[in-house]
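Single-letter residue listing:
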Amino acid sequence: RYASCLAALETLRPDLLLDLHLRPHVDQLYADIRSKALVQYFSPFVAVDLCRMASAFNVEVDSLEKEIAALIMSGCIPARIDSQAKVLHARHADQRNATFVKALATGEAYMKDTKALLLRLNLLRADFAVKGSGDSSGPSKSSRQERAEARAFGGA
């Protein structure tokens, strides 16, 4: 289906080249679309036979290999090419290490948040309040509590 899609896109090229604003960008757009199709074709696989991929894109194996090599060099496809067997192998990052690093970061974030909450709780228990400059913030929490207790017990 990739070959038919790219062929249909190729039939639109003369019309797109007539557009005054689009003309300078047509070649780059076609190259980007083709690159995206190659990346999309390869993404679900661990290994792909270049002969089958070439037939899916209706191109020669050697030209496809050069195209894929360019995509690997640019970092679009994390893979390596076995030129002798004509196979494209995915290069996956060490998932065990990545999972460990992510778990460690999550644990550190949890510890930081927990320490901040414990500090806040201890400050609230000690009725510690930092007042800003001036008396624009109103009465402190402790003076509000004292007034509320006085009203509750019938005091002044």
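The rules behind these values
Residues numbered from 1 in each chain as written. Predicted model: local features only at pLDDT ≥ 70, side-chain atom pairs only at ≥ 80, totals over all residues. Heavy atoms only, no water. Salt bridge = Lys/Arg side-chain N within 4 Å of Asp/Glu carboxyl O. Helix = DSSP H or I, 4+ residues; strand = E, 2+ residues; numbered from the N terminus. Buried < 20%, exposed > 50% of the residue type's maximum accessible area, 1.4 Å probe, protein only. Patch = residues over 30% accessible without salt bridge, like charges linked within 9 Å, V, L, I, M, F, W, Y side chains within 5 Å. Areas by Shrake-Rupley, 256 points an atom, 1.4 Å probe, with all protein chains shown as cover. Contact = heavy atoms within 4.5 Å. Polar contact = N/O pair within 3.5 Å; in protein donor to acceptor, adjacent residues only side chain to side chain. Expected span 1.5 Å × (residues − 1). Bend = angle between axes of the 7 residues up to and from the residue. Core = buried A, V, L, I, M, F, W, Y, C linked by side-chain atoms within 4.5 Å. Axes fitted to C-alpha atoms, helices over the stretch in contact; angles between N-to-C directions. Parallel < 35°, antiparallel > 145°, perpendicular 65-115°, else oblique. Phe/Tyr/Trp six-rings, centres within 6.5 Å; stacked < 30°, edge-to-face > 60°.

1. Looking at the pattern of salt bridges
Stage number 1. One pass over the structure, following the stated rule, counts five salt bridges.
Stage number 2. For Arg 13, the salt bridge identified is with Asp 27, shortest N-O distance 2.7 Å. Taken together, the residues Arg 13 in helix H1 (residues 2-18) and Asp 27 in helix H2 (residues 26-42) connect sequence positions 14 residues apart.
Stage number 3. The class for Arg 13 is buried, based on a relative accessible area of 19%.
Stage number 4. Judged by relative accessible area, which is 53%, Asp 27 ranks as exposed.
Stage number 5. With a shortest N-O distance of 3.9 Å, Asp 62 and Lys 86 are connected by a salt bridge. Of this pair, Asp 62 sits in helix H4 (residues 61-74) while Lys 86 sits in the loop between strand E2 (79-82) and strand E3 (87-90), and the two are 24 residues apart along the sequence.
Stage number 6. Linked by salt bridges that have partners in common, Glu 10, Arg 13 and Asp 27 make up one network.

2. Thoughts on a nonpolar patch on the surface
Stage number 1. Taken together, Leu 119, Leu 123, Phe 128 and Val 130 make up a surface patch of nonpolar side chains, about 430 Å² in accessible area.
Stage number 2. Tracing the sequence through the fold places Phe 128 in the loop between helix H5 (95-125) and helix H6 (141-152).

3. Points about the side chain of Glu 65
Stage number 1. Note that Glu 65 resides in helix H4.
Stage number 2. Glu 65 sits in the buried class, given a relative accessible area of 13%.
Stage number 3. Each residue touching Glu 65, except ones within four places of it in the same chain, is listed here: Leu 50, Ile 81, Ser 83 and Lys 86.

4. Here's the deal with the side chain of Arg 13
Stage number 1. Within the structure, the side chain of Arg 13 is placed 2.7 Å from the side chain of Asp 27, a separation counted as a polar contact.
Stage number 2. Here Arg 13 is in contact with Val 26, Asp 27 and Tyr 30, once residues within four sequence places are set aside.

5. Focus: H1
Stage number 1. For H1, spanning 17 residues, the distance from its first C-alpha to its last is 25 Å, which sits close to the expected 24 Å at 1.5 Å a residue.
Stage number 2. The principal kink in H1, of about 40 degrees, is found at Leu 12, preceding the proline Pro 14 by one to four residues.
Stage number 3. Among all positions of H1, only Leu 6, Leu 9 and Arg 13 are buried.
Stage number 4. On its buried side, H1 packs onto H2 and helix H3 (50-57).

6. A few points about the nonpolar core
Stage number 1. The biggest cluster of nonpolar side chains holds 19 residues, and the ones touching the most others in it are Phe 42, Met 53, Phe 57, Leu 64, Ile 68 and Leu 88.
Stage number 2. The set of elements that each furnish at least two residues to this core consists of H2, H3, H4 and E3.
Stage number 3. Sort the elements by how many residues they give to this core and H3 lands first, with five residues.
Stage number 4. Look past the residues within four positions of Phe 42 in its chain and what remains in contact with it is Val 48, Ile 77, Pro 78, Ala 79, Leu 88, His 89 and Ala 90.

7. Some thoughts on the packing of H1 against H2
A pair of packed helices is captured by two measures, namely the crossing angle of their axes and the spacing between those axes.
Stage number 1. At a closest axis distance of 11 Å, the pairing of H1 and H2 adopts a crossing angle of 170 degrees. What the angle tells us is that H1 and H2 run roughly antiparallel. Together, Tyr 2, Leu 6, Leu 9, Glu 10, Leu 12, Arg 13, Leu 16 and Leu 17 of H1 and Val 26, Asp 27, Tyr 30, Ile 33, Arg 34, Ala 37, Gln 40 and Tyr 41 of H2 make up the contact between the two elements.

8. Section: the packing of aromatic side chains
To describe a pair of aromatic rings, you give the distance between the ring centres and the angle between the ring planes.
Stage number 1. Tallied over the full model, the rule gives four aromatic pairs.
Stage number 2. Plain terms: the ring middles of Tyr 2 and Tyr 41 are 5.5 Å apart, the flat faces sit at 75 degrees to each other, and that makes the pair edge-to-face. Of the two residues, Tyr 2 sits in helix H1 while Tyr 41 sits in helix H2, which places them 39 residues apart along the sequence.
Stage number 3. Under the relative-accessibility criterion, Tyr 41 is labelled buried at 16%.
Stage number 4. Plain terms: the ring middles of Tyr 2 and Phe 57 are 5.0 Å apart, the flat faces sit at 25 degrees to each other, and that makes the pair stacked. Linking Tyr 2 in helix H1 with Phe 57 in helix H3, this pair joins segments that are 55 residues apart in sequence.

Any functional reading would require information beyond the geometric quantities listed.
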